[in-house]
Amino acid sequence: MLPPAPDLAAVQSRVDSLVDRGSTRGRAGTDAGWLTATEAAAAAGVDVAVVARLRVASGLSDPGDDAAYTHTDVAAIRSFASVALLFGDDVALQLARVTGAALARIAEAAVAAYAVNVHAPLEASGANDAALADAAGRATAMIPDVVRLMDSQLRHLVAAASEQFAAARPAGAAATPDTVALTIGFVDLVDSTAWSQRIAPARLAGALAEFAVLAGDLLRRRGGRLLKLIGDGAMFV
């Protein structure tokens, strides 16, 4: 039997509460509080327009004059400014869009994993609010661990991407550094529409996850790379 659908609104409320509680600052808009875009820009040493463009490029809504930035955000804004100095504003914003889209998927996967595998079973067992809040707190406290994991993964993936880029450069491409020779392919599961209607959602999700793992492993052994999953299919180079 599948567990009951989690109360996502309750999960979101608890996560928001814990994020605010985990900060040592209140939303006062002062030196000790959350910052407005103008205050964050001043602290980072950039124009306020840079703060707004970065936030939107990252896939976040523009908070206007609300105090929505932390001092951690200020450090990130400074990092973005350094990237822009090296690559240029347009490329830096494009990188922010790419990382924002990827991190949005990670955030959605993390929230869904918690909601289905932790919150829902606790709620079904009759856990009280204190137990639910404790579980949410322990999950939220793992964010720094996830960041360290992503840092390690990114360093290895950058090295692998660099090697793949060098190998894909066509002969005599010195004058066109943005040109690579790649084959793009697509693969999907046979008759997936028919069998997806006959099995439980949990089993379907497991089958699709196994397909993603097998496709990724095969591509890596052959020097390819999985670009993205599209339902029951995969796009690769």
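Structure: see above.
A few points on the structure. (Residues numbered from 1 in each chain as written. Predicted model: local features only at pLDDT ≥ 70, side-chain atom pairs only at ≥ 80, totals over all residues. Heavy atoms only, no water.)

1. Some points on the nonpolar core
Our working definition: Side-chain atoms within 4.5 Å are what join buried Ala, Val, Leu, Ile, Met, Phe, Trp, Tyr and Cys residues into a set we call a nonpolar core. Residue exposure (1.4 Å probe, protein chains only): buried if accessible area is under 20% of the type maximum, exposed if over 50%, otherwise partly exposed. The helix and strand labels rest on DSSP assignments: H or I over at least four residues marks a helix, E over at least two residues marks a strand, and numbering proceeds from the N terminus. Contact criterion: two residues are considered in contact whenever any of their non-hydrogen atoms come within 4.5 Å of each other.
Judged by nonpolar contacts, the single largest core of 19 residues is most densely connected at Ala40, Val46, Val51, Tyr69, Ile77 and Phe80. Counting residues per element, the ones that place at least two in this core are helix 2 (37-44), helix 3 (48-57), helix 4 (71-87) and helix 5 (89-124). Among residues more than four places away in sequence, those in contact with Tyr69 are Trp34, Leu35, Thr36, Ala37, Ala40, Val51, Arg55 and Pro63.

2. Remarks on the environment of Val48
When you line up the elements, Val48 lands in helix 3. Its relative accessible area of 36% is what places Val48 among the partly exposed residues. As a C-alpha pair, Val48 and Ala37 span eleven residues in sequence and 6.3 Å in three-dimensional space. The residues contacting Val48, other than those within four sequence positions of it, are Ala37, Thr38 and Ala41.

3. Describing the packing of aromatic side chains
Test applied: Aromatic rings from Phe, Tyr and Trp, with only the six-membered ring used for Trp, were paired whenever their centres fell within 6.5 Å, and each pair was classed as stacked if the ring planes differed by under 30 degrees, edge-to-face if by over 60, and tilted otherwise. To sit over a ring, a charge needs its Lys NZ or Arg CZ within 6 Å of the ring centre and within 35 degrees of the ring normal.
What the rule picks out here adds up to zero aromatic pairs. Taking NZ or CZ as reference, Arg55 lies 5.2 Å from the ring centre of Tyr69, over its face.

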